[in-house]
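The chain contents come next:
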Amino acid sequence: MSYSVGQVAGFAGITVRTLHHYDDIGLLAPSERNRAGHRRYSDADLDRLQQILFYRELGFPLEEVAALLDDQATGKADPRAHLRRQHDLLTARIERLRKMAAAVEHAMEAHHMGIDLTPEEKFEVFGDFDPDQYEDEVRERWGGTDAYRQSRQRTASYTKDDWKRVTEEFDALHLRMADLMAAGVPADAEEAMDTVEEHRRSITRAYYDCGHEMHTCLGEMYVADPRFTRTYEDIRPGLAVYLRDAIVANAARHGG
């Protein structure tokens, strides 16, 4: 079966112009043309396009993408080695996104407005994410609360190492919850509730006094606010709701 350039563009979510460009530079030449000279793409062409878009998503230049795929097509590259390479690249990107997601959560949850790091230190701790970008919103929503004042006071003297320690602590808790969910452990199981209890205590130690009622409000915000939801969904789909449910169960366990 073959497909028109418009159909392929629709399948792949790219423009017809992009497909024409790939053809012009020899990166993806359609296997067929109809009598009118219009491009027709085969299933094998679609497989190659999928590989192209994979490497483009990871930031590879077109010239390098062409070399990688041509080596694979001519048998110069072991297909298994090619898959392992893709797996390694994806794993590295997932790790980077996970760290960025954790930084987003910390900025929103802890109100990093008192952060006193140099630009270089901020970049080292938070990567490309700017923890100050939510400053106006956080001040407007919570500026008059005790939690906001406590957070500013406690974090004002944090060093780079302090922020790294806090980041790693929350990363570990989130991954532990993701693993519990993946293992099929119910959100109201003792292990899940114990983990979110550690989460609550970590907030108290690092930022502000977080009782079970406050923790429950945070749990609801993780689900209601798309930005929080994306943070947890990027770690593992369904984690936002799972974390919220465990927080609610833990609060009930403690009489909240």
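Provided above is the structure to which this section pertains.
### So, the sheet that holds strand β1 (residues 3-4)
Turning to step 1, where the next piece is worked out: Read across the sheet, three strands follow the order β1-β3-β2 without closing on themselves; strand pairing throughout is antiparallel. Strand pairing shows two members of the sheet lacking a second neighbour, β1 and β2 (32-33), which therefore form its edges.
Turning to step 2, where the next piece is worked out: Bridging between β1 and strand β3 (residues 39-41) involves two bridges; their strand directions are antiparallel. The residue bridging S4 from the neighbouring strand is R40, located in β3.

### A look at the packing of aromatic side chains
Turning to step 1, where the next piece is worked out: Using the criterion set out here, one finds five aromatic pairs in the structure.
Turning to step 2, where the next piece is worked out: For the pair F54 and Y55, a centre-to-centre distance of 5.1 Å together with 80° between the ring planes defines the contact as edge-to-face.
Turning to step 3, where the next piece is worked out: The exposure class of Y55 is buried, given its relative accessible area of 0%.
Turning to step 4, where the next piece is worked out: Consider the rings of Y222 and F228, whose centres lie 5.5 Å apart with planes at 40°: the pair is tilted. Both residues of the pair, Y222 and F228, belong to the buried class.
Turning to step 5, where the next piece is worked out: Through a chain of ring-to-ring contacts, three or more aromatic side chains come together here, namely Y222, F228 and Y232.

### As for the pattern of salt bridges
Turning to step 1, where the next piece is worked out: Enumeration over the complete set of coordinates arrives at ten salt bridges.
Turning to step 2, where the next piece is worked out: Notably, a salt bridge pairs R205 with E169, separated by 2.6 Å at the nearest N-O pair. Linking R205 in helix α10 (residues 190-206) with E169 in helix α9 (residues 160-182), this pair joins segments that are 36 residues apart in sequence.
Turning to step 3, where the next piece is worked out: The partly exposed category is assigned to E169, whose relative accessible area is 24%.

### Overview of the packing of α10 against helix α11 (residues 212-224)
Geometry of a packed helix pair, given as the angle between the helix axes and the separation of the axes.
Turning to step 1, where the next piece is worked out: Here α10 crosses α11 at 105°, and the two axes come no closer than 11 Å. One way to sum up the angle between α10 and α11 is to call them roughly perpendicular. Counting all contacts with α10, which are made through V196, E197, H199, R200 and I203, the residues of α11 involved are H212, H215, L218 and Y222.
Turning to step 2, where the next piece is worked out: A class-by-class count of the residues in the contact of α10 with α11 yields four nonpolar, three polar and two charged.

### What to know about the environment of A12
Turning to step 1, where the next piece is worked out: Checked against the element boundaries, A12 lands in helix α1 (residues 5-12).
Turning to step 2, where the next piece is worked out: When the C-alpha positions of A12 and Q50 are compared, they lie 7.8 Å apart, and in sequence the two are 38 residues distant.

### Some words on the environment of Y222
Turning to step 1, where the next piece is worked out: Here Y222 is to be found in helix α11.
Turning to step 2, where the next piece is worked out: Its relative accessible area of 0% is what places Y222 among the buried residues.
Turning to step 3, where the next piece is worked out: Distance from Y222 to V241, taken between C-alpha atoms, is 7.7 Å for residues 19 residues apart in sequence.

### A short note on helix α3 (residues 43-57)
Turning to step 1, where the next piece is worked out: If you check α3, its first and last C-alpha atoms are 21 Å apart, about what 15 residues at 1.5 Å a residue would give, namely 21 Å.
Turning to step 2, where the next piece is worked out: Those residues of α3 lying buried are D45, L49, Q51, I52, F54 and Y55.

Calculation notes
- Counting of residues starts from 1 at the beginning of each chain's written sequence and follows it residue by residue.
- Where totals are concerned, whole chains, interfaces and linings use all residues; where local detail is concerned, this predicted model gives features only for residues with pLDDT of at least 70, and gives and counts side-chain atom pairs only at 80 or more.
- With hydrogens and water set aside, each side-chain value is computed from the structure's full complement of heavy atoms.
- At least two DSSP bridges between two strands are required for those strands to pair.
- Numbering goes from the N terminus for both helices and strands, where a helix is a DSSP run of H or I of at least four residues and a strand is a run of E of at least two.
- Stacked, tilted and edge-to-face pairs are distinguished by plane angle, under 30 degrees for stacked and over 60 for edge-to-face with tilted covering the rest, among Phe, Tyr and Trp rings (Trp via its six-membered ring) whose centres lie within 6.5 Å.
- Think of it in three bands: with a 1.4 Å probe and only protein chains considered, a residue is buried below 20% of the maximum accessible area for its type, exposed above 50%, and partly exposed in between.
- Basic side-chain nitrogens of Lys or Arg form a salt bridge, by our definition, when they fall within 4 Å of a carboxyl oxygen of Asp or Glu.
- Angular values range over 0 to 180 degrees, each being the angle between N-to-C directions of two axes fitted as lines to C-alpha atoms, with helices fitted over their stretch in contact.
- Throughout, the term roughly parallel applies to angles under 35 degrees, roughly antiparallel to angles over 145, roughly perpendicular to angles from 65 to 115, and oblique to all others.
- Contact criterion: two residues are considered in contact whenever any of their non-hydrogen atoms come within 4.5 Å of each other.
- Residues are grouped as follows: Ala, Val, Leu, Ile, Met, Phe, Trp, Tyr, Cys and Pro are nonpolar; Asp, Glu, Lys and Arg are charged; all remaining types, including Gly, are polar.
- A helix is expected to span 1.5 Å multiplied by its residue count minus one.

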